[in-house]
2 protein chains.
Amino acid sequence: MLKEAIFHRPKNNFAYAYNKDTLHIMIQTKKDDVKKVELIYGDPYEWENGKWLTESIVMEKKASTSSYDFWKGSVKPPFHRLRYAFRCSDKKETVILTELGFYQELPQDIANYFCFPYIHEIDVFNAPDWVKNTVWYQIFPERFANGDSALNPVNTLPWGSAEPSPGNFFGGDFQGILNNLDYLVDLGINGIYFTPIFKASSNHKYDTIDYLEIDPQFGDKVIFRKLVRECHRRGIRVMLDAVFNHSGYHFAPFQDVLEKQEKSKYKDWFHAWNFPIVHKPKPNYDTFGFVHTMPKLNTKNPEVKAYLLKVAKYWVEEFDIDGWRLDVANEVDHTFWREFRKVVKSVKSDVYILGEVWHDSMPWLKGDQFDAVMNYPFTKAAIDFFAKQSIGTQKFAESITSLLYMYPENINEVSFNLLGSHDTARILTTANGDKRKIRMLFLFQLSFIGTPCIYYGDEIGMTGDNDPGCRGCMVWDREKQDTELYFFIKQLIALRRTDELFGNQADFRFLDINEKGCIIYEKRLVNRRLIFILNNSDSILRIPTNKLNFNNSRIIEWIFSKGEKLQKE
Amino acid sequence: MLKEAIFHRPKNNFAYAYNKDTLHIMIQTKKDDVKKVELIYGDPYEWENGKWLTESIVMEKKASTSSYDFWKGSVKPPFHRLRYAFRCSDKKETVILTELGFYQELPQDIANYFCFPYIHEIDVFNAPDWVKNTVWYQIFPERFANGDSALNPVNTLPWGSAEPSPGNFFGGDFQGILNNLDYLVDLGINGIYFTPIFKASSNHKYDTIDYLEIDPQFGDKVIFRKLVRECHRRGIRVMLDAVFNHSGYHFAPFQDVLEKQEKSKYKDWFHAWNFPIVHKPKPNYDTFGFVHTMPKLNTKNPEVKAYLLKVAKYWVEEFDIDGWRLDVANEVDHTFWREFRKVVKSVKSDVYILGEVWHDSMPWLKGDQFDAVMNYPFTKAAIDFFAKQSIGTQKFAESITSLLYMYPENINEVSFNLLGSHDTARILTTANGDKRKIRMLFLFQLSFIGTPCIYYGDEIGMTGDNDPGCRGCMVWDREKQDTELYFFIKQLIALRRTDELFGNQADFRFLDINEKGCIIYEKRLVNRRLIFILNNSDSILRIPTNKLNFNNSRIIEWIFSKGEKLQKE
Ligand SMILES: [Ca+2]
Ligand SMILES: [Ca+2]
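Residues numbered from 1 in each chain as written. Chains lettered and ligands numbered in written order. Predicted model: local features only at pLDDT ≥ 70, side-chain atom pairs only at ≥ 80, totals over all residues. Heavy atoms only, no water.

A. Spotlight on the overall build of chain A. When helices and strands are tallied, chain A shows 12 helices and 29 strands. Expected size for 569 residues packed as a compact globule is a radius of gyration near 25 Å; at 26 Å, chain A falls within 12% of this value. Its C-alpha atoms give chain A principal-axis dimensions of roughly 80 × 65 × 45 Å. Across the 569 residues that make up chain A, the buried fraction comes to 61%. A fraction of 67% describes how many contacts in chain A between residues 6 or more apart in sequence connect residues 24 or more apart. When the accessible area of chain A is evaluated, it comes to approximately 22,800 Å², of which 48% is carbon and sulfur surface. When the 73 positive and 75 negative side-chain charges of chain A are each reduced to one mean point, those points stand 2 Å apart. (Helix = DSSP H or I, 4+ residues; strand = E, 2+ residues; numbered from the N terminus. Rg over C-alpha atoms; globule rule 2.2 N^0.38 Å. Buried < 20%, exposed > 50% of the residue type's maximum accessible area, 1.4 Å probe, protein only. Contact = heavy atoms within 4.5 Å. Areas by Shrake-Rupley, 256 points an atom, 1.4 Å probe, with all protein chains shown as cover. Lys, Arg positive; Asp, Glu negative; His and termini not counted. Charge placed at Lys NZ, Arg CZ, Asp CG, Glu CD.)

Structure representation (structure tokens):
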């Protein structure tokens, strides 16, 4: 047995409270090395005649990568306390893994055992329930629809008359969105993620000038309130984008510092290395990246904290928004985010808190900070496999499997799974215009665990390269929309929202079949399975059904073709 | 190369901010497998001509167990941001470990790299500076000294006239401690950890009746204030013991619930499963262990929280105490401890927060909860090796090494390293009266990284089995004290407090010498080393000095014998 490859450590994806009564325990062993893993456990205080009382369960091998097998078990400790160890066996030997290393037999001393001392409901990761059943739609407000030309910024170009550039404007606004809400209802989405809407100077509005004001090009607070209300009336949740890592250059406190320098009462709102602050040759203050127009906010300064928390609370309390997406969230301190969560949830307990973190996000997902992160590792794997075909089935399945077992299950269920955003090239462009690949991307995304998000226009086949290319005007001319793609996605969304197996209520796993360019995975519950066969190759493939373990079950086959679902018994 | 044994994951002992400017990065590989590890890193935003700018350092192999090698590197990212990967080489191959797995070459896409997005001073683990230089002394107040017989509880026995039992009293009090402070000054300790002093009915006072009152057998608030002041005058810090997991049976709110049951306004202060609450045949409410007289407090109830936080603040604010030791801390929710930390540190920023956690404590030591835990895994290893001789040198060195690399360095520096407490048998009893073993235990403890604690009376050779045996009356009769042991320990404390290498300012490692029953370790700084040779066997051993790499350095040899330090050039 390769003991050095065995890993377990409590209070993360390896041991966590799934809910107030249930612990999930996972262990990782070298692939195909260990034959059986048992979890030996007990309440630390249950003793009889000087002997600790334990029980055991056999753990299930849930998935594998080319390096590891992942074993999982679930326990409901009656008194919420658990000490435990693992009994791992292969053909040759059986060993016990404890917190203090390996033993041949179960140690007598309870101090050896791993410990999950107590499940406290208040500590359990607890994202809002509604998120699990939400399909998001991301809107970049300047480019979705122009509904009120009176608000157009100067030099606004006619809708769709030019390629998007870093500086041009097309006059998108809230009225435009209101005019098209029924389009979104028809598509079937039930959550909108808006990129920033607060007062700013750019077209993307990530350079906030005033966090408490709506950008006048979009409308005012009256129409924003109406927009939220109209969304809610249609069962659509609303998520706004908060840029708390840095402010815009024209944010009044930063302007005050530029003007009064060390005498400014805002001098500690940023991270000045010394005074006077300058931006040539390089800024002598912390910035986002090295962009001098995006001064980093000093989120440990109590005044800054109070201001930003006021903002966080204001839009929830006054406008009843349902979620906050947090820009560059990984570069802001954990202390701030803990307070942010407390403040926001105190106003509305089921607000969704979504952090922009592109890498391993476990430290932000322990229940005290975010409900989810933007799942870019999911994006990368899906794009690399389906759109670019730069990785094969094996690598794709491994990436997705690693990702799933990197986090607790309750985190995966609300993970924000996107295929693209205002920060990436559009999928159709990445896929070189191959619509078949786009369909598979959507099929995979919309049948996967998590909460999927569609970037505006992708559903009708819009193209566009990296920023600014991906920020083109929404195409409203039916003639220019890919309505087949639209109906295909609408179909998938409907399935996701009506069939619990399609959505979040089932176990996901790749099946052990490795066809060239074809992936097969299943979603399963106790007595029903959905099997997905996605042929990402250019050839016609035959899949032997005997490998899919149908047995004598009743089978219904769906074939997606030209945007329709054909059903046959 | 055994890739499956290689492990790294950020934001714990594998990657942490040592201080506001410095990151420590660690990786674990199979023992003697990898020959060289380099850390490749850069600021995520530093690019030139489309290429990410990176640097590299060679990581140092710091220590090994029989399973793993631990490699460490230290980086000061100029803009506080870091993306990184590892280049691991053995004789045959070189591979790159990234967050997304292994590669043959450095990936182009920065999304592959591990990320420590930003070092925020406010998130850095930050225990009080003074703790690193503190030697603690644990006092069980009922048994240290009786200075005021007027306060004696009824049925108080004459001092030392009987073996300690679960129910007997000997009348120890604050006046007794005050009378003997100079004894502690002479010994050289500079911190006292008091087991509970609040109003309670037992002799151990872990069954709190009133968290805001001093137990009358010890004195009143006037004399307690004087005690703290007198300690401070002598440079001694004071730490109290808070039992927040559960209350005592006679705690007024619990009595109110017993009396009024569901009508009590305190009904949600505990965890009643249903009403009426009863304790036969078994309690129908959560308890500590299964002890019905210790009802578990509902620390998520805002009223309970407010009450306990008031208590936490009160003793710091009003009496200027320096530390809180938290009983059964692992069974109280993390949310509560985060608030506890904030409240206590807001009153006095350098209060030491010490949790009672006997197992892997990483989840409590991320900077947002405790400064340290009671290091019982250290205790266990030291006792098993020195006192019981139930493990050999190899296993001992491994246990200590695993423990050191299980936590960040800044955590190890303030870890509360005890050899025994009111909850364990006294070391001399465990060692079957062999004083030579006790000396080695103290030498090891007092020369190790961390903040050592001496259990009252151990320094003069007191004996006693597990609770209640270990809670005997302090022996004040000089004739009955082991003064040689006392002087030996005094000597060690003096060395620890005057020689930075002896204390926390040096790197600890076992030397690669494996003699039967003898351990050799060193503490080193740039140009000075202390080498410790502890012969735990019954034989005289010869240690070849050529193995100790003295080279041509100047050597001063200390030999500890009969409590004295002999020095020779
Ligand atoms: Ca407009
Ligand atoms: Ca007394």
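From this point, things continue past the structure.
B. Local environment of the interface of chain B and chain A. Each partner contributes residues to the interface: chain B has 63 residues there, and chain A has 63 residues. Surface buried jointly by chain B and chain A totals about 5,400 Å² across both partners, of which 54% is contributed by carbon and sulfur atoms. Counting the surface chain B buries against chain A, the share from its top three residues, B:Glu4, B:Arg9 and B:Phe290, is 13%. The interface formed by chain B and chain A contains 10 salt bridges. Note that B:Asp360 is salt-bridged to A:Arg9, the shortest N-O span being 2.8 Å. Going through the elements one at a time, strand 18 (287–288), helix 6 (334–347) and helix 8 (393–406) of chain B are the ones with two or more residues in the side of chain B that touches chain A. It is helix 6 of chain B that contributes the most residues to the side of chain B that touches chain A, five residues altogether. Taken together, the residues of the side of chain B that touches chain A break down into 26 nonpolar, 10 polar and 27 charged. (Buried area = accessible area lost by both parts, 1.4 Å probe. Salt bridge = Lys/Arg side-chain N within 4 Å of Asp/Glu carboxyl O. Nonpolar A, V, L, I, M, F, W, Y, C, P; charged D, E, K, R; others polar.)

C. The arrangement of the domain arrangement of chain A in detail. Domain boundaries assigned for chain A yield domain 1 (3–123), domain 2 (246–296) and domain 3 (507–568). The gap between the C-alpha centroids of domain 1 of chain A and domain 3 of chain A is 34 Å. (Domains from an automatic or database assignment.)

D. View of the coordination of the calcium ion (ligand 1). Residues and elements named next belong to chain A. Around the calcium ion (ligand 1), the donor atoms from the protein are Asn 146 (OD1), Asp 148 (O), Asn 152 (OD1), Gly 171 (O) and Asp 173 (OD), and they sit 2.3 to 2.6 Å away. Along the chain, the residues that donate to the calcium ion (ligand 1) are spaced as N-x1-D-x3-N-x18-G-x1-D. Exposure remark for Asn 146: the relative accessible area of 31% places this residue in the partly exposed category. (Donors = N, O, S within 2.8 Å, 3.2 Å for Na, K, Ca; no water.)

E. Just the packing of helix 7 (residues 376–387) of chain A against helix 8 (residues 393–406) of chain A, in detail. Residue and element names in this part refer to chain A. Running from amino to carboxyl end, helix 7 crosses helix 8 at an angle of 170 degrees, the nearest separation of the two axes being 10 Å. Relative to helix 8, the element helix 7 is oriented roughly antiparallel. Contact with helix 7, carried on its side by Pro 377, Phe 378, Ala 381, Ala 382, Phe 385 and Phe 386, involves Thr 393, Phe 396, Ser 399, Ile 400 and Leu 403 of helix 8 and no other residues of that element. Across the contact of helix 7 with helix 8, the residue classes tally to nine nonpolar, two polar and no charged. (Axes fitted to C-alpha atoms, helices over the stretch in contact; angles between N-to-C directions. Parallel < 35°, antiparallel > 145°, perpendicular 65-115°, else oblique.)

F. Just helix 7 (residues 376–387) of chain B, in detail. All names here are of chain B. The buried fraction of helix 7 amounts to 11 of the 12 residues, a majority that puts the element mostly inside the structure. By the burial criterion, the buried members of helix 7 are Tyr 376, Pro 377, Phe 378, Thr 379, Ala 381, Ala 382, Ile 383, Asp 384, Phe 385, Phe 386 and Ala 387. Those residues of helix 7 hidden inside the fold are in contact with helix 8, strand 23 (416–418), helix 10 (427–430), helix 11 (435–447), strand 26 (518–525) and strand 27 (528–535). Backbone geometry just downstream of helix 7 places Gln 389 in the positive-phi region, at approximately 50 degrees.

G. Region of the structure containing the coordination of the calcium ion (ligand 2). Residues and elements named next belong to chain B. Protein coordination of the calcium ion (ligand 2) is provided by Asn 146 (OD1), Asp 148 (O), Asn 152 (OD1), Gly 171 (O) and Asp 173 (OD), with donor distances spanning 2.3 to 2.6 Å. Donor residues for the calcium ion (ligand 2) sit on one chain with the sequence pattern N-x1-D-x3-N-x18-G-x1-D. With Asn 152 in the loop between strand 13 (136–139) and helix 1 (174–179) and Gly 171 in the loop between strand 13 and helix 1, this residue pair connects regions lying 19 residues apart in the sequence. Take Asn 152: its relative accessible area is 25%, and that puts it in the partly exposed class.

H. Summary view of the sheet that holds strand 22 (residues 372–373) of chain B. Residue and element names in this part refer to chain B. On the basis of which strands lie adjacent, the open sheet formed by eight strands has the order 22-21-20-17-14-13-24-23 and parallel pairing. Two strands bound the open sheet, and with one partner strand each, they are strand 22 and strand 23. As judged from the three bridges shared by strand 13 and strand 24 (residues 451–455), these two strands associate in the parallel manner. Counterpart to Trp 136 in the pairing with strand 24 is Cys 453. (Pairing = 2+ DSSP bridges.)

I. Summary view of empty space enclosed by the protein. All chains considered together, the criterion is met by six cavities of 30 Å³ or more. Its volume calculated, the largest cavity comes out at about 310 Å³. A:Lys11, A:Asn12, A:Lys366, B:Asn12 and B:Lys366 are the residues nearest the centre of the largest cavity, which is lined by 29 residues in total. Among the residues making up the lining of the largest cavity, the classes are represented as 14 nonpolar, six polar and nine charged. (1 Å grid on protein atoms, 1.4 Å probe; cavity = no way out; pocket = protein on both sides within 12 Å on 5 of 7 lines; lining within 4 Å. Points joined across faces, edges and corners; volume = space filled by probe spheres on them.)

J. Seen up close, the sheet that holds strand 7 (residues 60–64) of chain B. Residues and elements named next belong to chain B. Taken together, the four strands give an open sheet; going across it, the order is 1-2-8-7, and neighbouring strands pair in antiparallel fashion. Of all strands in the sheet, those bounded by a partner on one side alone are strand 1 (15–19) and strand 7. Direction aside, the axes of adjacent strands within the sheet are offset by 30 degrees on average. Bridge count between strand 7 and strand 8 (residues 68–75): four bridges; the pairing is antiparallel. Directly across from Lys 61, in strand 8, lies its bridge partner Trp 71. Its contacts with the sheet put helix 8 on strand 2 (22–30), strand 7 and strand 8, and the angle it makes with strand 7 is roughly 135 degrees.

K. View of the packing of aromatic side chains. Counted according to the given criterion, the structure contains 133 aromatic pairs over all chains. Relative to B:Trp315, the ring of B:Tyr314 lies with its centre 5.1 Å away and its plane at 85 degrees, an arrangement referred to as edge-to-face. On the basis of relative accessibility, which here comes to 22%, the residue B:Tyr314 falls in the partly exposed class. Residue B:Trp315 is classed as buried on the basis of its relative accessible area, which comes to 0%. Between the aromatic rings of B:Phe385 and B:Phe386, the centroid separation amounts to 4.8 Å while the plane-to-plane angle is 70 degrees, which identifies the pairing as edge-to-face. Per residue, the accessibility class of B:Phe385 equals that of B:Phe386, and both read buried. Positioned over the ring face of A:Phe116 is A:Lys11, at 4.7 Å from the centre of the ring. (Phe/Tyr/Trp six-rings, centres within 6.5 Å; stacked < 30°, edge-to-face > 60°. Lys NZ or Arg CZ within 6 Å of the ring centre and 35° of its normal.)

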